[in-house]
Structure formats: C-alpha cells, structure tokens
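Report on the structure
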Amino acid sequence: MEDYNLDDDLAILNNGSMFPPKMRKYWRNRYRIFSKYDEGVIMTKELWYSVTPEDVSRFIAKFLRKSMKNPNSRILDLCCGGGGDTIQFLRLFSHVYGIDNKQIHLDCTLNNSSVYLTPSYIEKRLKLLRCDWSYSVEAAEFIASKKKINEEMNPELINCIKTITYLIEEHLDIVYSSPPWGGPSYSDNGSFNLDDLQPFGLEKFLRSILPICNNIAVFLPRNSDLAQLKSTSIAVFGPNFKLRVLKISTNGHLKGLLCCWGDAFTGIALPDAAGDNC
C-alpha cells in the first residue's frame, strides 16, 4: 500500500481512507462541495479546507452575473483554488480568468472544470494564470512608475507585473475572490480579524485589486468583524463607499459573507436560485 504524507498540504486526497479523523467531515460532505465528485474531481489537502460548496458558488455566480449589464462580462477568480467558483462563473460569464499561486491548484481547477463542462467550451472561455499575489502591491507600484523590467529582479515579482499588466489590458468587469481564511481555525474566535486574511489583510488586498477593476466581490468568513469591514471600506474607498453585504446560508447554516464594493451591485435584486438563501 502506498504511503501518503498527510502533512503535505499539496497531497492529493481522493479516497476516504486517506482522510485523517479531523478531516473526515469534508469527505462526508464531498457531494455538497462537488455534486459530480465521483466523475473525476481532484483536490489537494489544502483545497478541501477552502473550496466553496457548490450551491453557494452557484448563488454567487448568479448574483454577480446579474449585477453586470454587459452580456459579454469578464470576471477574474482570484485565488481560484480547486475551481468550485470558477466552474459556476464559466456557465454564466463569457470570459473567466483564474489565478492561483500554486500550479497544482490550477491543474485541479482545469480538471474539475472538465468534469462539468466540455473541453471546447472551457478552451473558449477560461484563462488560468499562475501568480503569487503577495507581490501584487509591489507589482502595481512598479507598473505605475513606468519603469522597465530588469531581468535580475525577483522572478515572482516579474511574473506578477506581467500578469497584472495583462489583466489591465483585458478590461475586466469584476474581480471576485474567496481568499484563504487561515484554515479551519478561522472560526475559533468570536470575531474574525480581517487582517488575518491571506496573502495579506483586507485593506491591502482591496488596494491590490483596484488597479485592475473597481467592481470587487470578496467572500469572507461568517464571523468577520463588521466594524472593521466598515472602517476598511472607508480607508480604501472613502466615506461615500458603496458596499453591499449578503449573508449566504445553506440548510439554515450561515456559510459566509459576500461583500461587494462598487456601483454595479446597488439595487440589484437577488437571483431566484433554488436551494440558495441570503
């Protein structure tokens, strides 16, 4: 029998026997995460902790698409992970871009998308990009300075500069992200500190996205500090900020907060999504 290094967050876990006791709840809920799990879905250990349940992803995609007037809207899934949100975006948006800092996660996104959609459909609509977003603020500052890239610079920074430049040229309509919350321990305390998001806190994260797009949606923990959410919004967007917060629940359980900044989200009726509630 093959030995599995369960301490490796990038280990592929695709059989119930591989799951340690503390992770077995994720295996039991695999069909809520991916209804077509048995048809070839692949996930790393890290992704099991962070993937958005399918019914939640479906609702988010419907709401974000309804908020966009452009029938050929383009959306970026920043921190796309295992592709749970990407799959639903592909069904509704004409162009979908996915970014993750790990190639194996992008491979999982592509594989899992192919479980739900045909290769030709995916090829026309999906662009996956490996990029370490922790360099994004420095990259945006470099782009604004109009300096030329020096090949002796950090390769990850160079890649991030090229990625952000490409995304700016693509004229995105919306940037969505479900950034890492720090693993299952995010709910241990009464209130989640938004500075604990990864790769950096919410204020810096929002500022890193603004050079690309003004319409931003971020899926945050259900116990996020709302006072901090307001103060962060003021710091980034000013006192007249436009923020819409949707509490997303499934089966009576609050799963998280969909926080949407930008004029596009105001006055939009919630989509009629069977099984999804806000």
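Conventions and cut-offs
Residues numbered from 1 in each chain as written. Predicted model: local features only at pLDDT ≥ 70, side-chain atom pairs only at ≥ 80, totals over all residues. Heavy atoms only, no water. UniProt positions renumbered as here; feature names shortened; annotations may be inferred. Axes fitted to C-alpha atoms, helices over the stretch in contact; angles between N-to-C directions. Helix = DSSP H or I, 4+ residues; strand = E, 2+ residues; numbered from the N terminus. Parallel < 35°, antiparallel > 145°, perpendicular 65-115°, else oblique. Left-handed = near helix turned anticlockwise from the far one by under 90°. Contact = heavy atoms within 4.5 Å. Phe/Tyr/Trp six-rings, centres within 6.5 Å; stacked < 30°, edge-to-face > 60°. Buried < 20%, exposed > 50% of the residue type's maximum accessible area, 1.4 Å probe, protein only. Salt bridge = Lys/Arg side-chain N within 4 Å of Asp/Glu carboxyl O. Lys, Arg positive; Asp, Glu negative; His and termini not counted. Expected span 1.5 Å × (residues − 1). Polar contact = N/O pair within 3.5 Å; in protein donor to acceptor, adjacent residues only side chain to side chain. pLDDT = per-residue confidence, 0-100. Pairing = 2+ DSSP bridges.

The chain is annotated in an unreviewed UniProt entry as Trimethylguanosine synthase from Dekkera bruxellensis. Under Sequence similarities (unreviewed entry), UniProt gives the following word-for-word description of the chain: "Belongs to the methyltransferase superfamily. Trimethylguanosine synthase family."

Where helix 4 (residues 54-67) meets helix 5 (residues 84-92), the axes come as close as 8 Å, and the angle between the chain directions of the two elements is 40°. In this view, helix 4 runs oblique relative to helix 5, as classed from their interaxial angle. As for how helix 4 packs across helix 5, the hand of that crossing is right-handed. Seen from helix 4, the contacting residues are Glu54, Ser57, Arg58, Ile60, Ala61, Lys62, Leu64 and Arg65; seen from helix 5, they are Gly84, Asp85, Gln88, Phe89 and Leu92.

Our focus in this paragraph is the packing of aromatic side chains. Tallied over the entire structure, the rule returns 14 aromatic pairs. Pairing Tyr26 with Tyr49 gives two aromatic rings, centres 5.3 Å apart and planes at 85°, and the pair type is edge-to-face. Pair noted here: Tyr26 is in helix 1 (residues 24-28) and Tyr49 is in helix 3 (residues 45-50), with a separation of 23 residues, a long-range link. With relative accessibility at 26%, the residue Tyr49 sits in the partly exposed group. Relative to Trp48, the ring of Tyr37 lies with its centre 5.7 Å away and its plane at 50°, an arrangement referred to as tilted.

With an omega dihedral of 10°, the bond running from Gln198 to Pro199 counts as a cis peptide bond. Here Pro199 is to be found in the loop between strand 4 (174-177) and helix 10 (202-209). Of note in this structure, Cys79 is not a glycine but carries a positive phi near 70°. Even without being a glycine, Lys146 presents a positive backbone phi close to 60°. Topologically, Lys146 is positioned in the loop between helix 8 (136-145) and helix 9 (155-170).

The next point concerns the pattern of salt bridges. Scanning all chains against the criterion turns up six salt bridges. Linking Arg58 and Glu54 is a salt bridge whose minimum nitrogen-to-oxygen distance equals 3.6 Å. Separated by four residues within a single helix, Arg58 and Glu54 lie in helix 4, roughly one turn from each other. Residue Arg58 is classed as partly exposed on the basis of its relative accessible area of 26%. The residue Glu156 makes a salt bridge to Arg130 at a minimum N-O spacing of 3.1 Å.

All right, on to the side chain of Arg65 then. Within the fold, Arg65 resides in helix 4. Buried Arg65, no salt bridge; nearest opposite-charge side chain is Asp173, N-O distance 8.2 Å. Not counting residues within four places of it along the chain, the set of residues in contact with Arg65 comprises Asn70, Pro71, Ser73, Leu92 and Phe93.

The next thing to look at is helix 9. Spanning 16 residues, helix 9 covers 23 Å between terminal C-alpha atoms, matching the ideal 22 Å at 1.5 Å per step. Taken together, the buried positions of helix 9 are Leu157, Ile158, Cys160, Ile161, Thr163, Ile164 and Leu167. The opening residue of helix 9 is Asn154, an N-cap whose side-chain oxygen sits 2.8 Å from the backbone nitrogen of Glu156.

Per-residue confidence for the chain gives a mean pLDDT of 91; residues scoring 70 or more make up 92%. Note on residues 1-6: pLDDT is under 50 here. Beyond four places in sequence and across chains, it has six contacts. The low-confidence segment residues 273-278, where pLDDT is below 50, has 16 contacts with residues more than four positions distant or belonging to other chains.

Moving on: the pairing of strand 5 (residues 216-220). Most of strand 5 is tucked away, with five of its five residues classed as buried. Bridge count for strand 4 against strand 5 is three bridges, and the pairing is parallel. Residue Ser177 lies in a different strand from strand 5, and its bridge partner there is Val218. Alignment of strand 5 against strand 7 (residues 253-261), held across five bridges, turns out to be antiparallel. When the bridges of strand 7 are listed, Phe219 appears paired with Leu258.

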